[in-house]
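Given next are the chains, with one letter for each unit.
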Amino acid sequence: MAQTENNDDEQAAAVEVKPPNRLVRKKRPKKKAAPKAPKTEQGDAAKLRPAAAIVPPQSVAGRALTLVVAIMSFLACLTVGAVSIVWDAADAWQNDLVREITIQIRPTEGVDMLREIDKAVALTQEFPGIGAVRALSDSETKALLEPWLGEGLELEGLPVPRLIQITVSDPELLNLSQLRNSVSGQVTGASVDDHSIWTSRLSAMAGAVVAGGFAIMVLVMGSMVLSVVFATQSAMAGNKDVVSVLHFVGAEDGFIAREFQRHFLMLGLKGGVSGGVAAIVCFVLVDMLTRQGSGQAGSDQVSALLGSVSVSLPGYFGVFAVVFLVAILTALTSGLAVKAHLAKVD
């Protein structure tokens, strides 16, 4: 019995013994994360963040190149305007000369001059394509000779040829060779002058002016291309580290060249527009001054030589073409220079 009680007490003690208390770590409350911005807002913020350009947009070299391009564009536009004025004047001269013919009757001893003049007028009016036939009067003939022989001329005592002015209404219908043969054969001392020598000379002069203007354009554009090449090399040298890193990390040559092309395209466009606007302002001022100075000796001589000193619509189109050409040449030149430099690096 005693043994049984002892066993019961040991079992009760075993039951009552509890394991030692363990330290229970309390979980800290988690901090609430800040609400994330919607994906659309993140995308908009990334789009609004400007991308860094390889070539600095503003630099001393860039401003100098813009000034050089503006000057070259201004000179090229002035050349286009001058060629346009001379070409229009030569074209007007040629049209006037083609539509005018002069019959010259030299005085001959024993021949009635007035009778020969009337005969030439009547004969000329019979030809198709002839508009108006008019013999110059004595006063008009004196007015033509006064600048060289002075005033107070007496035509009766001088062997002065008499002139008949003919206006051609349709040059294609007129048979000029037949008219020349008929007048010289039937009118004593008469000859027909169709101003073909002057027309050929005017054509040659207009062609020479156009060729000279084209040569000046080539020189101006060549100088601008060289300036762009030097500016591109300067920009490459100034951004050598950036270009080298981009090149060696795998950036394509076309990507780097496009960055430079975009930069120099804007410079060329700014310079070209500035030069073109300055040239247009000069054209307008010259036209205004010529109109205001009408009646003065110098202005009248210029107007008599060139007509209205104003640039026609094709001349202004030429100015816009020059501006476009300047911008394109600037961009292409810079791109080719960059690709050549990167090819050497490879």
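Above this text you will find the structure in question.
Note that the structure is a prediction, hence the values are computed from the model and not measured.

Trainee: How do you make sense of empty space enclosed by the protein when you look at a structure like this?
Mentor: Empty space among the atoms becomes visible once a probe the size of a water molecule is rolled across them. Summed over the entire model, instances satisfying the criterion amount to 1 cavity of 30 Å³ or more. If you add up the space inside the largest cavity, you get close to 30 Å³. In this structure, the largest cavity is lined by Ile-105, Arg-106, Pro-107, Thr-108, Val-111, Met-113, Glu-116 and Thr-188.

Trainee: What should I look at first to understand the nonpolar core in this one?
Mentor: Grouped burial of nonpolar side chains is what soluble globular proteins tend to show. Ranked by size, the top nonpolar core spans 29 residues in total, and within it Leu-65, Met-221, Phe-260, Phe-264, Val-322 and Val-338 carry the most contacts. Those elements giving two or more residues to this core turn out to be α3 (60-98), α7 (196-238), α9 (253-292) and α11 (313-345). The next biggest cluster of nonpolar side chains, apart from the first, holds 20 residues, and it includes Val-121, Phe-127, Ile-130 and Val-168.

Trainee: So what exactly am I meant to see when it comes to the pattern of salt bridges here?
Mentor: Two side chains of opposite charge can pair, provided their charged atoms sit close to one another. This model, assessed by the stated rule, comprises 4 salt bridges. Between Glu-116 and Lys-119 there is a salt bridge, with the nearest N and O atoms lying 3.8 Å from each other. Of the two residues, Glu-116 and Lys-119 both sit in helix α4 (residues 113-125), 3 residues apart, roughly one turn of that helix. Classification of Glu-116 as buried rests on a relative accessible area of 3%. In this structure Lys-119 comes out as partly exposed when scored by relative accessible area, which is 32%. In this structure, a network of salt bridges that share partners links the residues Arg-115, Glu-116 and Lys-119.

Trainee: In this structure, what is going on with the packing of aromatic side chains? I would like to understand it.
Mentor: Aromatic ring pairs are described here by two measures, namely the spacing of the ring centres and the angle between the planes. Under the definition given, this model contains 1 aromatic pair. Ring geometry for Phe-283 against Tyr-316: centres 6.2 Å apart, planes inclined by 80°, an arrangement best described as edge-to-face. On the criterion of sequence distance, the pair formed by Phe-283 in helix α9 and Tyr-316 in helix α11 is long-range, its members being 33 residues apart.

Rules used throughout
Residue indices follow the written sequence of each chain, beginning from 1 at its first position. Two thresholds apply to this predicted model, a pLDDT of at least 70 for residue-level local features and 80 or more for giving and counting side-chain atom pairs, whereas whole-chain, interface and lining totals are computed over all residues. Excluding hydrogens and water, the side-chain figures rest on all heavy atoms present in the structure. Buriedness for pockets is judged along seven lines, at least five of which must meet protein on both sides within 12 Å for an open set on the 1 Å grid over protein atoms alone, while cavities are sets there where a 1.4 Å probe fits but cannot get out, and lining residues have an atom within 4 Å of a point. Grid points are joined across faces, edges and corners, and a volume is the space filled by probe spheres set on the points. Put simply, a nonpolar core is a bunch of buried Ala, Val, Leu, Ile, Met, Phe, Trp, Tyr and Cys residues held in one set by side-chain atoms that sit within 4.5 Å of each other. Throughout, exposure labels follow a simple rule: accessible area from a 1.4 Å probe, protein chains only, divided by the maximum for the residue type, with under 20% read as buried, over 50% as exposed, and the rest as partly exposed. Helix and strand definitions here come from DSSP, where helices need a minimum of 4 consecutive H or I residues and strands a minimum of 2 consecutive E residues; each element is numbered from the N-terminal end. In what follows, salt bridge is the name for a side-chain nitrogen of Lys or Arg lying within 4 Å of a carboxyl oxygen of Asp or Glu. Centre distance within 6.5 Å is the pairing criterion for rings of Phe, Tyr and Trp, where only the six-membered ring of Trp is used; planes under 30 degrees apart are then read as stacked, over 60 as edge-to-face, and the remainder as tilted.

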